[in-house]
Amino acid sequence: MVTAANALRLLGSALGALGGALVFVEFFQMPNYVEYNPEFQDYRIDTNRADVREHTWIGRIGGLCLSLGFALLFVATFLG
C-alpha cells in the first residue's frame, strides 16, 4: 500500500509540474486579436466578439493536468 501511495504522489507531482509549465506558456502567448506591425513598431487591437479567443488548448490541458495532479496527491494521502 505504501508503494501505491508513493507512486500516486510521484505521478501527481509530475502532472502538476507539467500542468504548471503549460499554464505558464499560456500566459505568454499573444492573443489573436492583437497584431504587431514591425514596420511602425506598433500594436493594433482589433476586437470582434465572434473572433476573440481567450484560451488555447495548451492552457486548458495545463489546467486539467494541474487538477489531476492535485487529485492524485489528495488520494495518495489517504492511501499512505
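This one's a predicted model, so the numbers in the text were calculated from it and none came from an experiment. (Residues numbered from 1 in each chain as written. Predicted model: local features only at pLDDT ≥ 70, side-chain atom pairs only at ≥ 80, totals over all residues. Heavy atoms only, no water.)

**Focus: the overall build of the protein**
Scanning the protein from terminus to terminus reveals 2 helices and 2 strands. Of the regular secondary structure in the protein, the N- to C-terminal order runs α-β-β-α. With respect to the principal axes defined by its C-alpha atoms, the protein has extents near 65 × 25 × 10 Å. A buried classification covers 18% of the 80 residues belonging to the protein. Long-range pairs, those at least 24 residues apart, make up 71% of the contacts in the protein with a sequence separation of at least 6. As displayed, the protein offers around 6,200 Å² of accessible surface, 66% of which is attributable to carbon and sulfur atoms. Charged side chains of the protein number 5 positive and 7 negative; the gap between the two group centres comes to 14 Å. (Helix = DSSP H or I, 4+ residues; strand = E, 2+ residues; numbered from the N terminus. Buried < 20%, exposed > 50% of the residue type's maximum accessible area, 1.4 Å probe, protein only. Contact = heavy atoms within 4.5 Å. Areas by Shrake-Rupley, 256 points an atom, 1.4 Å probe, with all protein chains shown as cover. Lys, Arg positive; Asp, Glu negative; His and termini not counted. Charge placed at Lys NZ, Arg CZ, Asp CG, Glu CD.)

**Section: the side chain of Glu26**
Of note, Glu26 is situated in helix 1 (residues 2-27). A polar contact of 2.4 Å, which involves the side chain of Glu26, links it to the side chain of Thr56. Those residues within four positions of Glu26 in sequence are excluded, and the remaining contacts are Glu54, His55, Thr56, Ile58 and Gly59. (Polar contact = N/O pair within 3.5 Å; in protein donor to acceptor, adjacent residues only side chain to side chain.)

**Quick word on the side chain of Thr56**
Among the secondary structure elements, Thr56 is positioned in the loop between strand 2 (42-45) and helix 2 (57-79). For Thr56, the contacting residues outside a window of four places in its chain are Glu26 and Gln29.

**Observations concerning helix 2**
Because an α-helix completes one turn every 3.6 residues, residues spaced three or four positions apart along the sequence face the same direction. Taking 1.5 Å per residue as the helical rise, helix 2 with its 23 residues ought to reach 33 Å, and the 33 Å between its terminal C-alpha atoms agrees with that figure. Those residues of helix 2 not exposed but buried are Gly59, Gly62, Cys65, Gly69 and Ala76. (Expected span 1.5 Å × (residues − 1).)

**Quick word on the UniProt feature "transmembrane region" (unreviewed entry) in the protein**
As recorded in UniProt, the feature "transmembrane region" (unreviewed entry) lies at residues 7-28 and 57-79. Helix makes up 95% of residues 7-28 and strand 0%, with an end-to-end C-alpha separation of 32 Å. A helix fraction of 100% and a strand fraction of 0% characterise residues 57-79, whose end C-alpha atoms lie 33 Å from each other. (UniProt positions renumbered as here; feature names shortened; annotations may be inferred.)

**Considering a nonpolar patch on the surface**
Together, Phe24, Val25, Phe27, Phe28 and Ile58 make up a nonpolar patch on the protein surface, roughly 560 Å² of accessible area in all. With 3 residues, the top contributor of residues to the nonpolar patch is helix 1. Within the secondary structure layout, Val25 lies in helix 1. Take Val25: its relative accessible area is 39%, and that puts it in the partly exposed class. (Patch = residues over 30% accessible without salt bridge, like charges linked within 9 Å, V, L, I, M, F, W, Y side chains within 5 Å. Salt bridge = Lys/Arg side-chain N within 4 Å of Asp/Glu carboxyl O.)

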